[in-house]
Amino acid sequence: MALATPLRRLLPVAAAPATAPDPAAPSSLTPPRRALSLRHGRLRSSLAAFPSPSPEPRSRSLTAPSASASAGGRPTVLVTEKLGTAGLDLLRAFANVDCSYELTAEELRAKVSLVDALVVRSGTQVTREVFEAARGRLRVVGRAGVGIDNVDLQAATEAGCLVVNAPTANTVAAAEHAVALLASMARNVAQADASLKAGKWQRSKYIGVTLVGKTLGVLGFGKVGSEVARRAKGLGMDIIAHDPYAPVDRARAIGVDLVSFDEAISTADFISLHMPLTPSTEKLFNDETFAKMKKGVRIINVARGGVVDEEALLRALDNGTVAQAALDVFTEEPPPRDSKLVQHENVTVTPHLGASTTEAQEGVAIEIAEAVIGALRGDLAATAVNAPMVPAEVLSELSPYVVLAEKLGRLVVQLVAGGSGVKVVKVVYSSTRDPDDLDTRILRAMVTKGIVEPISSAFVNIVNADYVAKQRGLRIIEERILLDGSPETPLDSIQVHLTNVESKFGGALSDAGDIRVEGKVKDGSPHLTLVGSFSVDVSLEGNLILCRQVDQPGVIGKVGSILGNMNVNVSFMSVGRTARGKQAIMAIGVDEEPEKEALKLIGDTSSVEEFVFLKL
């Protein structure tokens, strides 16, 4: 199995007719009484593979096409704000693209149930009502830019919708604009320009301040903030920064000291804002904050207007606490025509131009188009904002275990007897690696997916797995077993236990009474290696028949003959036993689903004490 496939199965797939988690769902998971009635429960759609730059064709998801996909199996992407031509061209090569600008909230809700992906900038509000109106079809929201405060992330997560952004393409443009405002403000460029064009010559009025030797406080030391710091260093400024999440070594590498918030605002001559708009940063710069600043401070904001209390800033400008401000963003955009802040003589303003360079606009368009296309194909987007951020090298290494985890979850839930509610799942990872070096969030999500999807209407992916489990009263416990040896591979095995449930196949019970299955990755493919207390070795492909029988000659041949006579191809067979002549479990991999008659004949075979057919 190609290693690209597992990650494609991990995330929302285009046009999947998924049902969002129902908060009113039962608090336990009750499997159907007959294993034969179980649906596959896999991700339910696959799109035509988007051309890959590699010479080898991309593998396709092992699922059927979705009925909700557009004609020809192409997804539909709704673009509600202007996007660069290069990005639109990429989207159109992969999907049907509907460019509908300036939609009202009502028009957006009407359209969103007809599309698989939505691409917005900062002007479109993607609210909970939008996700509810999508009725489970919307799989991806792409934000063409850095901020995602116009997207309800909690509602997106609950709906299993991936949200991706384009955080890198406009980084340089935003940083350059911040530096441009910094220099323009310091030298009164905008005011002097307006004065001269009005026929005045006021050289003495527009005396500025020099930047060399001044302290710049960068508040928010992410991609843009750090680029601003680099450029300001070149202007001869001393740089301090505050960001509770910034690594100290990264700051030191470019000669920046990380300090507390209060120290930053009280010692800086210039303050440049680069934090996102969140409940904790909304109106962070208010009367109290301005009162702590050095008198005559100058402020630049190319981040989000909402982080500044604009009335408080106006008061600080009027009383001289803030000497000047340069603003590219506002709480309300565009701001009112009669805004006193915009009209203030000590304020330099631009109409949200941070990312407005030709190169940045094309870069953002390409970056968000690639992220949306990748997410629609089921790839784990590096720019996903409501899914665990897992490094690419970790994803690559865990790729085969992703399939194993889902297969084990799908297998173990089919062993539960009808009427037994699944409430506690224990996942045990055996590894030679230190627990801190093993990120199991993806594996936990896939075990959840394998358990929940076959017995419910929920669509589960890495985005909403924990939420779906919680809403259904499913408790996932993870344990680690540290093995001796060289940590060349991330995992030796994965075990999945279901506790306090009845089993329709007694051989799957461990000594503790749990339903237990174990699997390993061999030669890149998932294998079942333990059922209950019985060791087996069978590839987890196609379907599986488990038989518990008395260990005696002829049983394997009889079962194999029954399947052969019924034209059922056996792909793998493995037998595990407790002791010679005692009990044994036979695990048989079959390509096709046997007819009921064949299964009945297996059950009637002498020495076969029980059997179960499982769909993988």
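Higher on the page you've got the structure.
Residues numbered from 1 in each chain as written. Predicted model: local features only at pLDDT ≥ 70, side-chain atom pairs only at ≥ 80, totals over all residues. Heavy atoms only, no water.

Asker: Help me understand the packing of aromatic side chains in this model?
Answerer: The relative placement of two aromatic rings is captured by the distance of their centres and the angle of their planes. In the structure shown here, the tally under the stated rule is one aromatic pair. Considering the side-chain rings of phenylalanine 261 and phenylalanine 285, the 5.9 Å spacing of their centres and the 55° angle between planes classify their relative orientation as tilted. Of the two residues, phenylalanine 261 is situated in helix α10 (residues 261-267) and phenylalanine 285 in the loop between β9 (270-273) and α11 (287-291); the sequence distance between them amounts to 24 residues. Each member of the pair, phenylalanine 261 together with phenylalanine 285, is buried. (Phe/Tyr/Trp six-rings, centres within 6.5 Å; stacked < 30°, edge-to-face > 60°. Helix = DSSP H or I, 4+ residues; strand = E, 2+ residues; numbered from the N terminus. Buried < 20%, exposed > 50% of the residue type's maximum accessible area, 1.4 Å probe, protein only.)

Asker: Is there a simple way to think about the pairing of β9 in this case?
Answerer: Successive residues of a regular strand alternate their side chains across the two faces of the sheet. Covered by surrounding structure in β9 are Phe270 and Ser272 together with Ile271 and Leu273, the residues of both alternating faces. Alignment of strand β6 (residues 215-219) against β9, held across four bridges, turns out to be parallel. If you follow valine 218 over to β9, its bridge partner there is serine 272. Where β9 lies against strand β10 (residues 297-301), four bridges are found, and the strand directions are parallel. Across the sheet, the residue bridging to phenylalanine 270 is arginine 298, located in β10. (Pairing = 2+ DSSP bridges.)

Asker: Can you help me understand the sheet that holds strand β18 (residues 534-539) in this one?
Answerer: Working definition: the strands of a sheet are paired by backbone hydrogen bonds and lie parallel or antiparallel to each other. Pairing is mixed across the open sheet formed by six strands, whose spatial order is β14-β13-β15-β16-β17-β18. Each end of this open sheet is capped by a strand with a single partner; those strands are β14 (475-482) and β18. Geometrically, the sheet is characterised by an average inter-axis angle of 20° between neighbouring strands, direction not taken into account. When strand β13 (residues 424-431) meets strand β15 (residues 493-498), the two strands line up antiparallel, connected through six bridges. Counterpart to valine 427 in the pairing with β15 is valine 496. Here helix α16 (residues 441-452) sits on the sheet in contact with β13, β14 and β15, set at roughly 140° to β13. (Axes fitted to C-alpha atoms, helices over the stretch in contact; angles between N-to-C directions. Contact = heavy atoms within 4.5 Å.)

Asker: I'm lost on the sheet that holds β6 in this one. Help?
Answerer: Spatially, seven strands are ordered β8-β7-β6-β9-β10-β11-β12 in an open sheet, and the strand pairing comes out parallel. Two strands bound the open sheet, and with one partner strand each, they are β8 (257-258) and β12 (347-349). Both β6 and strand β7 (residues 238-242) contribute to a ladder of five bridges, which runs parallel. Along β7, the bridge assignment pairs threonine 215 with aspartate 238. Running over the sheet, helix α8 (residues 223-234) touches β6, β7 and β9 and is turned about 170° from β6.

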